[in-house]
Every structure is written in C-alpha cells, then in structure tokens.
Amino acid sequence: MERRDLNRMFDALAPTAEQEQAVLDRLLRTERKGRPMRKLKKLTVLGIAAALMIISCAAAVVTGLDQRLLDYFGANQEQAELLAPGAVAVDVTVEDNGATLHVTQVLMDRYNIMILADFTAPKGTVLDRDDYIFDAPMGVVPDLLNRAGEPVELESGWGYQIKVLDDGAPQDNHLALLFCTELSEGFQPDWDIGGISLCNGDLVRYGAEPWDKITACSGDWSCEVPFTWQDMGRSIQPDQAVGDLDGIGITLTELYLSPMTLRLQLESETPILREFGGGVGIRWLQLVNSDNVTLTTRNGETIPLIGNGGEAGGQDQVCFFRLAEITALEDLEGGALSIRIEGGSADVPLDGLVPAE
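Residues numbered from 1 in each chain as written. Predicted model: local features only at pLDDT ≥ 70, side-chain atom pairs only at ≥ 80, totals over all residues. Heavy atoms only, no water.

### Quick word on the overall build of the protein
Summing up its helical and strand segments, the protein has 7 helices and 20 strands in all. Put simply, the protein has 357 residues, and 47% of those count as buried. Put simply, 64% of the contacts in the protein that link residues at least 6 apart link residues at least 24 apart. By element, 49% of the accessible surface of the protein is carried by carbon and sulfur atoms, the whole surface being about 17,400 Å². (Helix = DSSP H or I, 4+ residues; strand = E, 2+ residues; numbered from the N terminus. Buried < 20%, exposed > 50% of the residue type's maximum accessible area, 1.4 Å probe, protein only. Contact = heavy atoms within 4.5 Å. Areas by Shrake-Rupley, 256 points an atom, 1.4 Å probe, with all protein chains shown as cover.)

Below is the structure:
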C-alpha cells in the first residue's frame, strides 16, 4: 500500500471533533446519572489519550497479548495470533487510598469480555491469596455502555467473576486480575458498544462463613473501560436432532465457535419444566457437559473442552465451554461436534465456520 493510501485510510478512521468532545465529556464525568452509589474516578490524562486512540484506530492490529493472558489460556505465540483479532489495548488508571488499579487489555468475542488489570496496594501490604474480589453493592454488576456513555439495557442475563492470576510473586503487594463477563445472548450489532463500567469497592475476601468478610484494602476503584467491540468467532445454524430426553426430542439450533469459546443453543420439542429434586428438569440443566460433548478438527484431533456453565428453562438450553487449546476456525472447518444425550447421539458437521472465498 502506498503512503498516500495509508494516510487516506487513517484520515477516514480519525474521529470528528464532536466525537472527541463526547468521549472527553464521558470519561471526565465523576458519576453516572441515576446511579449515585457508583462514583467513577477521573481517568488520568494518559488514560484519556488511550481512549481517543482506540476510537481513531479501531482497526489497528494489536501487536501482542499480555503474557499473563497467554499463560491463562496455555497459548503459545502462534495461538496468540488467533486471539489478537479480539484484543484491544487500553490504559485506564484509578487511584485511591494509596492503591492503584491499572487496566491494560481487553479480550473479547461475541459472548465474553475479559479485562486484564494490575492492582498495586501500598508498600507493606501483603496480597497472598487467590480469592480476592472487589466489594460492590448487592446486585450491582458491570454495565455495558454505548458510545454516549449510557448503559445498554440487556434483555438476557450474564455471568461475572474476578480471577486472580499467577504473577510470580505471591507475597508482595501486587495482584494480576482478570475480570470475566459472559453474555448469555451475545453481543448485538445495534448495541453500539463503547465500553464497560466496573464497580470496584473495597478489595475483600471471604472467610469460612458467608458473612465473614475480610477487607484487604479499603477504597473505590470504579472506572469505565472504553473499547470497540471485536468478534473473532462465527455461528452456524445446524437445526439438527441430537437425541431425546424422556422421549422429548432435542435439537441443536445454533453453534458458535471462536478460537476460545464454544456455545451451544439447544431446543426441546415441548417445554421441559425445571423440576428440583432430581426430576427431568434437573437433567435438562445437566444435559450437555464436557463429558458428552466432543469437538474434533478436520484432521481428527480432539480439542478438550472446559465447561463454563449454561442456562436452561422452558424449551431452551444454552451451554458454554472454553476451548482448552486455542484453535483456528480454519482447523475446525470440516471437523465435527459430537453430542451424546440419554436418548441417543449425533455428529454435527462443522461447515460454514470460514466464509467461502
């Protein structure tokens, strides 16, 4: 590509003055309208500059994933290239009571948002546990934000957890954190996503009893993390019968795969009640797990699956898995997904994951 072509491309990507001002107004707000309990710290000038860079260079290629993310996935450098299309570099810093939260990278596909951050407490503080979380008011979870900085109202649920990653120094005042959000229905293009808000109160852990809350650091590290949504996966609609449960036929209606995620949408012929106490509804909830689902590449290699969870109710069940090995969609194209259910089994061909040239 000629230099003049490159210049023309970046000129086209550059934000307008109105867009820049809107971003600055959003990032400099100290609290969100209608949510007085969730005060958001002002971002540093460096964080604001990084946010503007994300908007103006949304199509830029990420040069590399943080090694801690690669370690989390057990990925090598070649596999890191498969994750790069879903990665966005950010630079958001929040300080309170001598402690700092620094958000550095976001990794996402259609159903997952994973945010990497470093938390550094004042010198002399020992953070030697792997079960720390940030306290938040009851029922308060992250909000997806549109580009105007307002919450996106979701009709479906999501899961949220904070994981402490191994940083090689378990006795110091530092934590490597991974904020994981899982959307049950997935990203929708009309959401116009511009970021996510995190409500991070005191850093705490829980003792033997649920009410035994131990505070490691007091403060408020709530913030907004700006990013442009990336989807590195693809879905297909097999509409294939895969077995039955007590005579009720089960169909796989949709299958989504990215290099790190497998999601299955199942539908029953008639509603299956969510009975408790061992009834058919409980088996509906437990129907598909990593023991009876097999993912195979076109070369016959089996990709291990890690069950993340799912939802069930009425005639639908959603099942999430994480691929234990980061895998290219090109390698899965022509492979198969095998499902074993009480009333039978089925092999679902993986065709259409890679668009035809």
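### Side note on the nonpolar core
In this structure, Phe-119, Phe-134, Leu-144, Leu-177, Phe-227 and Trp-229 are the most contacted members of the largest nonpolar core, which totals 37 residues. Ranked by residues supplied to this core, first place goes to strand E2 (residues 99-108) with 5 residues. Of all hydrophobic cores here, the second largest spans 30 residues; its members include Leu-252, Leu-305, Leu-323 and Leu-350. (Core = buried A, V, L, I, M, F, W, Y, C linked by side-chain atoms within 4.5 Å.)

### A closer look at the sheet that holds strand E10 (residues 213-217)
In spatial order, the strands read E4-E9-E10; together these 3 strands make up an open sheet with antiparallel pairing. Among the strands making up the open sheet, the edge pair consists of strand E4 (133-134) and E10. (Pairing = 2+ DSSP bridges.)

### Some remarks on a negative patch on the surface
On the surface, Glu-185, Asp-239, Glu-267 and Asp-316 cluster together to form a negatively charged patch. Within the secondary structure, Glu-185 sits in the loop between strand E7 (174-183) and strand E8 (193-198). Classification of Glu-185 as partly exposed rests on a relative accessible area of 39%. (Patch = residues over 30% accessible without salt bridge, like charges linked within 9 Å, V, L, I, M, F, W, Y side chains within 5 Å. Salt bridge = Lys/Arg side-chain N within 4 Å of Asp/Glu carboxyl O. Lys, Arg positive; Asp, Glu negative; His and termini not counted. Charge placed at Lys NZ, Arg CZ, Asp CG, Glu CD.)

### A word on unusual backbone geometry
Where the residue is not glycine, phi is negative for most of them; where a peptide bond is considered, it is trans in most cases. Phi is positive for Asp-192, which is not a glycine, with a value near 55°. Structurally, the position occupied by Asp-192 is in the loop between E7 and E8. The phi dihedral of Asp-239 is positive, around 45°, even though this residue is not glycine. Positionally, Asp-239 belongs in the loop between strand E12 (234-236) and strand E13 (240-245).

### Some words on the pattern of salt bridges
Applying the stated criterion to the full structure yields 8 salt bridges. A salt bridge links Arg-298 to Asp-331, with the shortest nitrogen-to-oxygen separation between them at 4.0 Å. Of the two residues, Arg-298 sits in the loop between strand E16 (293-296) and strand E17 (302-303) while Asp-331 sits in helix H7 (residues 329-332), which places them 33 residues apart along the sequence. Taken together, the salt bridges that share partners define one network made up of Asp-66, Arg-68 and Asp-118.

### Thoughts on the pairing of E2
Counting buried residues along E2, 7 of its 10 residues qualify, which places the element largely inside the surrounding structure. Examined bridge by bridge, strand E1 (residues 87-96) and E2 share 8 bridges and lie antiparallel to one another. When the sheet's bridge partners are listed, Thr-93 is paired in E2 with His-102. In terms of strand pairing, E2 meets strand E3 (residues 112-120) through 8 bridges, oriented antiparallel.

This is a description of form; function is not addressed.
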